[in-house]
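In case you want the letters, here they are:
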Amino acid sequence: MLDKAQITQIQQGIANREGPMLSLYLDVNTGKPENARNAFTLRAKDAMKVLGAPAAVCQRVLDYLATHNPSGRTLALFAGEDFLEDYTLQVDLPLQGESQGVEAKWGAPHLTPLLFALDQHARTGVVRLDQEHLQYFEVFLGEIEEVADAFRVLPVGEWRKMGEDKVGGSSGRSAGPGAPGNVGRAVGGSGKDNYNDRVGEWTYRFFLQVGELLDRHLAARGTERLILIGVPEDAVKAFPARVQKAIVKRLPSLSVSRPTPAQVLQAVQEAISEAEQEGEAELLAQVRERGITGVDQVLDALQEGRLQYVLAPLNLEVPAWRCEGGWVGLSPEALKDLCDAGEIREVSLMEVLPELAAAGGAKLELVSGDAAAALEGELGSLAGLPRW
């Protein structure tokens, strides 16, 4: 599972390679009929032929494909005269090549699809609760892993025992934290009501501790979203504000008492996709209300450090120019008063956007589908949200 630090390392490592390179993204999902018998190898060969990449580099890629059986959905290859780096992703990407299922470029490193994968598949935490178990999973780039010791310090054994206590001869099993209606204080004067008071207060304290641990996990792992499975709505009130803000979906309990990570991933995949789409729609709504639109205006605001978010379509194709000092403009003339006497060179705006966003302290949101159509149509291809 690639984490954010590894993605950053990949970006920096590839960008620091000398000379031009081949950037090749392939749909290698063997579950698709069009990929039967490694047909993606032929698509890669055709794409490289169109690029006019050096024969030695193309042969290095073909030799790799002939000796490796990709196990993921998308394969990213970066190759030069004396190197080849490969990265397997467990997610599908909307590749923008001339042929379906392939995207290739020769020259500067082409990292946009890799950044899109990171953006669209942000790290998501999943909390699953029932009357027997409390589990925490992390989903990232289409893969899932259980963080086995996430709640190790919590008194889960005491919780189970309390759920099994009997009051007045009747089973109190339903009184555990996973049962509805047990967060907060009950009212009444009977022995059963006193028991429910005690359970409710203990449960509230329990979820306070759960919230504190989640808060630490979100901060330490850079987790942006949180999905809750089987967690009572009232329990969320015990969570810290940052944890509550991260919650994007609440799902009902699963039908199995101890699901595998694969079963949990299947249960949350649609919710994760919906959360991403809803997040993009919300950003677009804010842009329409108070944002900056148009490539020229957004580019200026970004380089002046005035933006919190930058929204760009994945297939943005805008030529730009950059001077040695780093400033980027839409024409050489636009840079005359901003650059020293150094060289001004033409670049792809999409390829320099990640660096400009990082330098300006803005988050880059790459979008496709309906959101991209809205950007390209009514919002001038590029949009930004100011910090104030």
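None of these values were measured; they are calculated from a predicted model.

J.: I tried to follow the nonpolar core on my own but got confused; where do I start?
T.: Considering soluble globular proteins, one finds that nonpolar side chains tend to be buried as a cluster. Among the nonpolar cores identified, the biggest contains 45 residues, and Leu349 and Leu382 are the most heavily contacted of them. Ranked by the residues each element gives to this core, the list is headed by helix H10 (residues 349–360), at six residues. Each residue touching Leu382, except ones within four places of it in the same chain, is listed here: Ile292, Thr293, Gly294, Val295, Val298, Val310, Leu311, Ala312, Leu316, Leu349, Leu353 and Leu375. In this structure, Val127, Leu129, Val210 and Ala246 belong to the second largest nonpolar core, which totals 25 residues.

J.: Help me understand the packing of aromatic side chains in this model?
T.: To describe a pair of aromatic rings, you give the distance between the ring centres and the angle between the ring planes. Tallied over the entire structure, the rule returns five aromatic pairs. Each ring, one from Tyr25 and one from Phe78, has its centre 5.9 Å from the other, and the planes form 90 degrees; the classification is edge-to-face. Of this pair, Tyr25 sits in strand E1 (residues 21–27) while Phe78 sits in strand E2 (residues 74–80), and the two are 53 residues apart along the sequence. Comparing Tyr25 with Phe78, the two get one shared label, buried. Summarising the aromatic geometry, the rings of Phe206 and Phe207 are spaced 5.6 Å apart at their centres and angled 85 degrees between planes, so their arrangement reads as edge-to-face. Both residues of the pair, Phe206 and Phe207, count as buried. Put simply, the rings of Tyr25, Phe78 and Tyr87 pair up and form one aromatic cluster. One cation-aromatic arrangement involves Arg17 over Phe83; the distance from NZ or CZ to the ring centre is 4.1 Å.

J.: It is not clear to me how the pattern of salt bridges should be interpreted in this structure. Could you clarify?
T.: Pairing between side chains of opposite charge can happen when the charged atoms of each approach one another. With the rule as written, the count across this model stands at 17 salt bridges. In this structure, the salt-bridge partner of Arg73 is Asp92, at a minimum N-O distance of 3.4 Å. In this pair, Arg73 sits in the loop between helix H3 (55–67) and E2 while Asp92 sits in the loop between strand E3 (83–89) and strand E4 (102–107), placing the two residues 19 residues apart along the sequence. With a relative accessible area of 35%, Arg73 lands in the partly exposed category. On the basis of relative accessible area, Asp92 is assigned to the partly exposed category, the value being 34%. Note that Glu276 and Arg225 form a salt bridge whose closest N and O atoms lie 2.2 Å from each other. Placement of the pair is Glu276 in helix H8 (residues 261–290) and Arg225 in strand E10 (residues 225–229), with a sequence separation of 51 residues. For the residue pair Glu276 and Arg225, the accessibility class agrees, reading buried in each case. The structure contains a network of salt bridges with shared partners spanning Arg123, Glu138, Glu145 and Arg221.

J.: For this particular structure, what's the right way to read the confidence of the model for the protein chain?
T.: Segments scoring low in pLDDT should not have their predicted coordinates read at a detailed level. With 86% of its residues at a pLDDT of 70 or more, the protein chain shows a mean pLDDT of 85. Counting contacts from residues 166–175, a segment whose pLDDT is below 50, to residues more than four positions away or on other chains yields 22 contacts. Low pLDDT, under 50, characterises residues 184–188; the stretch is placed with eleven contacts to residues that sit more than four places away or in other chains.

J.: So what exactly am I meant to see when it comes to the layout of surface pockets here?
T.: If a probe the size of a water molecule is rolled over the atoms, the empty space left behind becomes visible. Looking at the second largest pocket, its volume works out to about 660 Å³. Gln120, His121, Ile272, Ser273 and Glu276 are the residues nearest the centre of the second largest pocket, which is lined by 27 residues in total. Secondary-structure elements contributing two or more residues to the lining of the second largest pocket are helix H4 (112–120), strand E6 (134–140), H8 and helix H11 (369–377). Counting residues per element, the lining of the second largest pocket draws most heavily on H8, at ten residues. Partitioning the lining of the second largest pocket into residue classes produces twelve nonpolar, nine polar and six charged.

J.: Just to check I follow, could you spell out the pairing of strand E13 (residues 307–313) for this structure?
T.: Counting buried positions along E13 gives five out of seven residues, so the element sits mostly inside the fold. Here E13 pairs with strand E18 (residues 383–386) via four bridges, running antiparallel. In the strand pairing of E18, Val310 is matched with Gly384. Relative to strand E17 (residues 363–367), E13 runs parallel, the two being bridged by five bridges.

Reading the values: rules and limits
Starting afresh in each chain, residues are numbered from 1 along the sequence in its written order. Whole-chain, interface and lining totals are the exception, using all residues; otherwise, since this is a predicted model, local features are given only for residues with pLDDT of at least 70 and side-chain atom pairs are given and counted only at 80 or more. Computation of side-chain values covers all heavy atoms of the structure but excludes hydrogens and water. We call a set of buried Ala, Val, Leu, Ile, Met, Phe, Trp, Tyr and Cys residues a nonpolar core when their side-chain atoms join them within 4.5 Å. Type-normalised accessible area, obtained with a 1.4 Å probe on protein chains alone, sets the label of each residue: buried when under 20%, exposed when over 50%, and partly exposed for intermediate values. For helices the rule is a DSSP run of H or I covering at least 4 residues; for strands it is a run of E covering at least 2, with both sets numbered from the N terminus onward. We call two residues in contact when some of their heavy atoms are within 4.5 Å. Aromatic rings from Phe, Tyr and Trp, with only the six-membered ring used for Trp, were paired whenever their centres fell within 6.5 Å, and each pair was classed as stacked if the ring planes differed by under 30 degrees, edge-to-face if by over 60, and tilted otherwise. Charge-over-ring contacts are defined here by two conditions on Lys NZ or Arg CZ: a distance within 6 Å of the ring centre and an angle within 35 degrees of the ring normal. Just to be clear on terms, a salt bridge is a Lys or Arg side-chain nitrogen sitting within 4 Å of an Asp or Glu carboxyl oxygen. Per residue, pLDDT measures the predictor's confidence, with a range of 0 to 100. Definitions used throughout: a 1 Å grid over protein atoms alone; a cavity as a set of points that fits a 1.4 Å probe which cannot get out; a pocket as an open set with protein on both sides within 12 Å along at least five of seven lines; a lining residue as one with an atom within 4 Å of a point. Grid points are joined across faces, edges and corners, and a volume is the space filled by probe spheres set on the points. Asp, Glu, Lys and Arg are counted as charged, while Ala, Val, Leu, Ile, Met, Phe, Trp, Tyr, Cys and Pro are counted as nonpolar; the rest, among them Gly, fall into the polar class. In this analysis, strands are considered paired if DSSP registers two or more bridges between them.

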